[in-house]
Amino acid sequence: MKRFLGLLLIAQFFFRSGEVMAQELSAPSYWKNERGSELFIWSANNGAIQGTFTNHAQGFACQGIPYPASGAIGPTGLYFVVTFAQCNSFTRWVGKTNGSQMPASWMLFYVDKNGKPSKLKGADIFTRVW
């Protein structure tokens, strides 16, 4: 019985940790990275996040168009994915909120000019605007 109660307390701790983490990425919220791209989170429910991402990064296509962004947040961090349909590519960001900042690594998957599937890696720091 004590073991069962201990497991329940541990489970509750992780559940509460997820709630705290989700509160750090509240909805609605507006984030901007150092390249000028914008992330608008309009829903953060039960660990799922939904919003839009608008690319403004120099040297990348599909700029100025809000694309759907979706992902998840949990006790250890968050991820979100954006499919840039007009560019036949998608990008996945993985990071953590740290107060008003969200450092995140990203991986862009695309088809190069020769028709070969390719990927590009990088990192962004999103800053909460509101």
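The numbers attached to residues start from 1 for each chain and follow its sequence in the written order. Predicted model: local features are reported for residues with pLDDT of at least 70 only, side-chain atom pairs are reported and counted for 80 or more only, and whole-chain, interface and lining totals are derived from all residues. The side-chain figures draw on all heavy atoms in the structure; neither hydrogens nor water molecules are used.

Per an unreviewed UniProt entry, the protein goes by the name Avidin family protein and belongs to Bradyrhizobium hipponense.

*Asks:* Help me understand the state of the cysteines in this model?
*Replies:* Two cysteines form a disulfide when their sulfur atoms are joined by a covalent bond. Whenever a pair of cysteine sulfur atoms sits within 2.5 Å, that pair is classed as a disulfide. According to the stated counting rule, one finds one disulfide in the structure shown. Disulfide partner of Cys-62: Cys-87, at an S-S distance of 1.8 Å. Every disulfide takes its handedness from the sign of the S-S torsion; for Cys-62 and Cys-87 that torsion is 115°, giving right-handed. With Cys-62 in the loop between β3 (48-54) and β4 (66-74) and Cys-87 in the loop between β5 (77-84) and β6 (89-95), this pair connects stretches of sequence that are 25 residues apart. For the purposes of this entry, the term helix denotes a DSSP run of H or I that reaches at least four residues, the term strand denotes a run of E that reaches at least two, and both are numbered from the N terminus.

*Asks:* Explain the side chain of Ser-89 here, please?
*Replies:* Along the chain, Ser-89 turns up in strand β6. In what follows, a contact means two residues having at least one pair of non-hydrogen atoms within 4.5 Å. Every residue in contact with Ser-89, bar those within four places of it in the chain, is listed here: Val-82, Thr-83, Phe-84, Leu-108, Phe-109 and Tyr-110.

*Asks:* Explain the packing of aromatic side chains here, please?
*Replies:* Each aromatic ring pair is characterised by the separation of its centres together with the angle its planes make. Any two of the Phe, Tyr and Trp rings considered here, Trp counted by its six-membered ring, make a pair once their centres fall within 6.5 Å; the pair's planes then place it as stacked at under 30 degrees, edge-to-face at over 60, or tilted in between. A full pass over the atoms with the stated rule returns eleven aromatic pairs. Here the aromatic rings of Phe-53 and Phe-84 are separated by 6.1 Å at their centres, their planes lie at 75°, and the arrangement is edge-to-face. Taken together, the residues Phe-53 in strand β3 and Phe-84 in strand β5 connect sequence positions 31 residues apart. Each residue is assigned to one of three classes by its accessible area relative to the maximum for its type, calculated with a 1.4 Å probe on protein chains only: buried under 20%, partly exposed between the two thresholds, exposed over 50%. Take Phe-53: its relative accessible area is 2%, and that puts it in the buried class. Summarising the aromatic geometry, the rings of Phe-53 and Phe-126 are spaced 6.5 Å apart at their centres and angled 70° between planes, so their arrangement reads as edge-to-face. On the criterion of sequence distance, the pair formed by Phe-53 in strand β3 and Phe-126 in strand β8 (residues 117-128) is long-range, its members being 73 residues apart.

*Asks:* I tried to follow the sheet that holds β6 on my own but got confused; where do I start?
*Replies:* Sheet strands pair by backbone hydrogen bonding; their relative direction is either parallel or antiparallel. Strand order in the closed barrel formed by eight strands is β1-β2-β3-β4-β5-β6-β7-β8, and the pairing between neighbours is antiparallel. Going from strand to strand, the sheet's axes swing by 30° on average, the running direction of each strand aside. Strand direction decides the pairing type here: β6 and strand β7 (residues 101-111), joined by six bridges, are antiparallel. Directly across from Gly-95, in β7, lies its bridge partner Ala-104. When DSSP finds two or more bridges between a pair of strands, those strands are recorded as paired. Here the axes come from fitting lines to C-alpha atoms, over the contacting stretch only for helices, and the angles between their N-to-C directions go from 0 to 180 degrees.

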